[in-house]
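# Geometric and topological summary
The lines below spell out each chain.
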Amino acid sequence: MSAPDTERPIARLPQMSTRDLNGVRRTLPNGRLAVLLVAYQRWQQYEVDSWVPALGALERVYDEVSYFELPVVGRMDPLAQRNLDHIMRRGIPDPETRARTLTFYVDASGFREPLGIPDEDHVAVLLVDVDGLVLWRASGPYTRGAERGLRAAVAAAAERLLH
């Protein structure tokens, strides 16, 4: 796991659209602070899941924050995409979790490089502001130290939104 990166801004999230697992069209950035959990391999779901309790707590403290799981699975033909979405929907019965899951069927390196994500070895955790600027980044499973860094970055960004 790499240490959190706190330089500002790190990169910019380009405007991207896809459908969540409920079938609703979603666009990022979405005009809110967003924590993005970017995963490239199925096994990384355990790293994603390790962050969920802390991110749920963060949402309860800051109305301006939402979080999303972004599986990046590579290019597929439309039928294969529908099949994978169906399999993922069946594996995620909770509609709220499905609404947070935004699958991107794109080239993985083309997705990660503009965001400054160095590799696909672990889940990337990004704090993105309302305009898509990446304000904070870490990789790997949840740690208390990473959570402290994220909370500090969210507090600073939320303060800027209020002024």
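Residues numbered from 1 in each chain as written. Predicted model: local features only at pLDDT ≥ 70, side-chain atom pairs only at ≥ 80, totals over all residues. Heavy atoms only, no water.

### Here's the deal with the packing of aromatic side chains
So the rule is basically this: The aromatic pairing rule takes the rings of Phe, Tyr and Trp, using the six-membered ring of Trp, and pairs them if the centres are within 6.5 Å, calling planes under 30 degrees apart stacked, those over 60 edge-to-face and the rest tilted. Each helix corresponds to a stretch of at least 4 residues labelled H or I by DSSP, and each strand to a stretch of at least 2 residues labelled E; elements are numbered beginning at the N terminus. Type-normalised accessible area, obtained with a 1.4 Å probe on protein chains alone, sets the label of each residue: buried when under 20%, exposed when over 50%, and partly exposed for intermediate values.
A complete count under the given rule lists four aromatic pairs for this structure. An angle of 70° between the planes, with centres 6.5 Å apart, marks the rings of Trp-51 and Trp-136 as edge-to-face. In this pair, Trp-51 sits in helix 1 (residues 45-61) while Trp-136 sits in strand 7 (residues 133-139), placing the two residues 85 residues apart along the sequence. Each member of the pair, Trp-51 together with Trp-136, is buried. Among the aromatic residues, ring-to-ring pairing joins Trp-51, Trp-136 and Tyr-142 into one connected group.

### So, the nonpolar core
To keep things clear, this is the line we draw: Put simply, buried Ala, Val, Leu, Ile, Met, Phe, Trp, Tyr and Cys residues joined by side-chain atoms within 4.5 Å make one nonpolar core.
Counting 23 residues, the largest nonpolar core has Val-35, Leu-127, Trp-136 and Leu-150 as the members making the most contacts within it. Those elements that place two or more of their residues in this core are strand 4 (33-39), helix 1, strand 5 (65-71), strand 6 (124-128), strand 7 and helix 5 (144-162). Among the elements that line this core, the one with the most residues is helix 5, at six residues. Of all hydrophobic cores here, the second largest spans 21 residues; its members include Leu-28, Ala-34, Leu-36 and Val-72.

### With respect to the pattern of salt bridges
The test is simple: Salt bridge, as applied in this entry: a Lys or Arg side-chain nitrogen positioned within 4 Å of an Asp or Glu carboxyl oxygen.
This structure, assessed with the given rule, holds five salt bridges. The salt bridge involving Glu-59 is made with Arg-100; its shortest N-O contact spans 2.7 Å. Of this pair, Glu-59 sits in helix 1 while Arg-100 sits in helix 3 (residues 95-100); the two residues are 41 residues apart in sequence, bridging distant segments of the chain. Two residues, Arg-151 and Glu-147, come together in a salt bridge whose shortest N-O distance is 3.0 Å. With Arg-151 and Glu-147 both in helix 5 and four residues apart, this pair spans about one turn of that helix. Residue Glu-147 is classed as buried on the basis of its relative accessible area of 17%. A network of salt bridges, in which partner residues are shared, links Glu-59, Glu-96 and Arg-100.

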